[in-house]
Amino acid sequence: MSLKGGIHNPRTPLRRFLDRELSAGPRLLRENFRAQHRTDSLLAPLPGVGTEAGTVGTSIDTRLRLAFSTAAPVDLPTRIGIELCGQFGHGLRMRAVGNELASRLTCTVHALDLANRDLPLDRAHDEEEDLARLLIAAAWYQVCARSAFGFTYTPLFLTALENPDAFTLDRLLRLPHPDLVTDVVAQLHQAADGPLADLRARTRPADCTPGPTFPGTRVTADADLIADGLLIDFKSARNPRGLPQADAWQLLGYLLLDDADRYTIDTVGFYLTRSGVLATWPVEEYLTLLGACRRNLTELRTVFHELLASCQADAEPLTPAEETSVQRLLQRLAPVVAPGHCPTCTQPLPDTAQRRTYCSPRCRGREQTLRNKGLLPETPTPAVPIQHTRSRRPPREG
């Protein structure tokens, strides 16, 4: 089950659940995000990047995580991809080269001492270029872990297929277009002079978890970084001020998956690698901006995990029977609304709200949107609303 896949399809149970629970939608969060994104500086992709923008994004994400912790010089998706590529024709050769790549990447990461806080975030330009080539090659192996079909279109696969006997690690490292390497290095150098470097200086490697996963769940999801309670998602989008709804929902999904509070996340945020902006929110503020005021975080996590355990939450229902089953499940997990409470956010109406049905014009507008999507019950059901708990730690500066 894929968190990202379930969020990007508006018909999946996972997406419908989140659309209903987040009664404010993405607008308030997007406005707050843009207020924090106070810069016109932008590193645009170079012409040679072309369709490899995702490869660049994966590579810079990995490089930034290594600046905080080198506990896993070769991350899990890369190792999985190296193993899985053996299923293809000439796959044993690709796997052997992948293992050589993993060995060289590990040695390079340790030799450069990337997580050492006594050294700057970046290294010499030529060292970063060599490292970028390793990370780009590793990103192509990661494609195999996520999409076997997509892997067959990577330069790695096409070159190995063309001449397996000549496919070596040195040949692989010559494949990245110079613009790919330059783009990764430029984003890294920009991070070295910004808020991400300040965050790195305030933390220790032991306080940082690169690529955190969520054991005990049925969902495949690996976030980018947790640094001393701050959950960060790296974004290398061409338009960093956009903040798509799916990105906001995905960050919340990571937060909800940590139901045992293993990582003690108290703040969430995005780092925009092309503009060098770090936008953050205390967890309670993030939930409030999204309108998740129907339940506190503990209850929302509980209901979220019940959803994941009760259905294939990332799959769109394809038959009338499947759709009926999903509707019944969503109805059973729906928050209930007591008399005298707003049907959109379920919070008590103001004492002065004589004959008012909604607590605000915004909730009135959202209620119709949610009802049109079939995300609200036809009639309110009595219940006692639950208020937010307070964050355990003070807000961080973004």
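Being a predicted model, the structure only gives us computed values, none of them experimental.

### Structural notes on the overall build of the chain
Working step 1: What the chain contains, in helices and strands, is 17 helices and five strands.
Working step 2: Computed over its C-alpha atoms, the radius of gyration of the chain comes to 23 Å, within 12% of the 21 Å expected for a compact globule of 398 residues.
Working step 3: Across the 398 residues in the chain, those meeting the buried criterion constitute 52%.
Working step 4: Long-range contacts, defined here as pairs at least 24 residues apart, represent 76% of the contacts in the chain between residues at least 6 apart.
Working step 5: For the chain, the accessible surface area stands at approximately 18,000 Å², while carbon and sulfur atoms represent 52% of it.
Working step 6: Separation of charge centres in the chain, based on 46 positive and 46 negative side chains, amounts to 7 Å.

### Side note on the pairing of strand β5 (residues 277–282)
Working step 1: Burial analysis of β5 places six of its six residues in the buried class, which makes it a mostly covered element.
Working step 2: Burial of β5 is two-sided: the residues Val-277, Ala-279 and Trp-281 facing one way and the residues Leu-278, Thr-280 and Pro-282 facing the other way are all buried.
Working step 3: Sheet topology places strand β4 (residues 267–272) next to β5; six bridges connect them, and they run antiparallel. In the sheet register, Val-268 faces β5, and the bridge partner there is Trp-281.
Working step 4: Between β4 and β5, which pair antiparallel and follow one another directly, the connecting turn spans four residues, one of which, Gly-276, has a positive phi of 70°.

### Looking at the confidence of the model for the chain
Working step 1: Here the chain averages 89 in pLDDT, and 92% of its residues register 70 or above.
Working step 2: The low-confidence segment residues 379–395 (pLDDT under 50) makes 46 contacts with residues lying over four places distant or belonging to another chain.

### Considering the sheet that holds β4
Working step 1: Here five strands make up an open sheet; going across it, the order is β1-β2-β3-β4-β5 and the pairing mixed. Edge positions in the sheet fall to β1 (208–210) and β5, since each of these pairs with one other strand and no more. Here the average twist between neighbouring strands, direction ignored, is 20°.
Working step 2: Those strands touched by helix α4 (residues 53–68) are β1, β2 (225–227), β3 (230–235) and β4, and its axis lies near 150° from that of β3.

### Things to note about unusual backbone geometry
Working step 1: One non-glycine residue, Leu-243, lies in positive phi territory at about 45°.
Working step 2: Along the chain, the position of Leu-243 falls in the loop between β3 and α13 (245–257).
Working step 3: Phi at Asp-261 is positive, roughly 55°, even though this residue is not glycine.
Working step 4: If you trace the backbone, Asp-261 turns up in the loop between α13 and β4.

### Concerning the side chain of His-37
Working step 1: Topologically, His-37 is positioned in the loop between α3 (27–36) and α4.
Working step 2: Polar contacts involving the side chain of His-37 include one to the side chain of Ser-275, which spans 2.8 Å.
Working step 3: Ignoring sequence-local partners within four residues, the contact set of His-37 consists of Pro-240, Arg-241, Leu-272, Ser-275 and Val-277.

### Considering the side chain of Glu-128
Working step 1: Residue position: Glu-128 is located in helix α7 (residues 125–146).
Working step 2: Using a relative accessible area of 3% as the deciding quantity, one classes Glu-128 as buried.
Working step 3: A distance of 2.8 Å separates a polar atom in the side chain of Glu-128 from a polar atom in the side chain of Arg-63.
Working step 4: In this view, Glu-128 contacts Arg-63, Asp-122, Arg-123, Val-185, Leu-188 and His-189; residues no more than four positions away in its chain are not counted.

### Section: helix α2 (residues 13–21)
Working step 1: Across the nine residues of α2, nine count as buried, placing the element largely inside the fold.
Working step 2: Buried within α2 we find Pro-13, Leu-14, Arg-15, Arg-16, Phe-17, Leu-18, Asp-19, Arg-20 and Glu-21.

### What to know about the packing of α4 against helix α11 (residues 178–191)
In a pair of packed helices, the angle between the axes and the distance between the axes together describe the arrangement.
Working step 1: Between α4 and α11, whose axes approach to 10 Å, the crossing angle comes to 40°. For the pair α4 and α11, the crossing hand works out as right-handed. Here α4 contributes Val-56, Ser-59, Ile-60, Arg-63 and Leu-64 to the contact with α11, which in turn contributes Leu-180, Asp-183, Val-184, Gln-187, Leu-188 and Ala-191.
Working step 2: Counted by class, the contact of α4 with α11 contains seven nonpolar, two polar and two charged residues.

### Quick notes on the nonpolar core
Working step 1: One finds Met-94, Leu-101, Tyr-141, Leu-172, Leu-196 and Ile-232 to be the most contacted residues of the largest nonpolar core, which totals 57 residues.
Working step 2: Sort the elements by how many residues they give to this core and α7 lands first, with ten residues.
Working step 3: With sequence-adjacent residues up to four places away left out, Ile-232 is seen in contact with Leu-196, Leu-199, Asp-224, Leu-225, Gly-269, Phe-270, Tyr-271 and Leu-278.
Working step 4: Counting residues in hydrophobic clusters, the runner-up holds 51 residues, among them Phe-17, Leu-255, Tyr-263 and Phe-304.

### Concerning the environment of Gln-245
Working step 1: Here Gln-245 lies in helix α13.
Working step 2: The partly exposed category is assigned to Gln-245, whose relative accessible area is 23%.
Working step 3: When the C-alpha positions of Gln-245 and Thr-51 are compared, they lie 23 Å apart, and in sequence the two are 194 residues distant.
Working step 4: When neighbours within four sequence positions are excluded, Gln-245 is seen to be in contact with Arg-15, Asp-19, Pro-26 and Arg-30.

The rules behind each value
- Residues numbered from 1 in each chain as written.
- Predicted model: local features only at pLDDT ≥ 70, side-chain atom pairs only at ≥ 80, totals over all residues.
- Heavy atoms only, no water.
- Helix = DSSP H or I, 4+ residues; strand = E, 2+ residues; numbered from the N terminus.
- Rg over C-alpha atoms; globule rule 2.2 N^0.38 Å.
- Buried < 20%, exposed > 50% of the residue type's maximum accessible area, 1.4 Å probe, protein only.
- Contact = heavy atoms within 4.5 Å.
- Areas by Shrake-Rupley, 256 points an atom, 1.4 Å probe, with all protein chains shown as cover.
- Lys, Arg positive; Asp, Glu negative; His and termini not counted.
- Charge placed at Lys NZ, Arg CZ, Asp CG, Glu CD.
- Pairing = 2+ DSSP bridges.
- pLDDT = per-residue confidence, 0-100.
- Axes fitted to C-alpha atoms, helices over the stretch in contact; angles between N-to-C directions.
- Polar contact = N/O pair within 3.5 Å; in protein donor to acceptor, adjacent residues only side chain to side chain.
- Left-handed = near helix turned anticlockwise from the far one by under 90°.
- Nonpolar A, V, L, I, M, F, W, Y, C, P; charged D, E, K, R; others polar.
- Core = buried A, V, L, I, M, F, W, Y, C linked by side-chain atoms within 4.5 Å.

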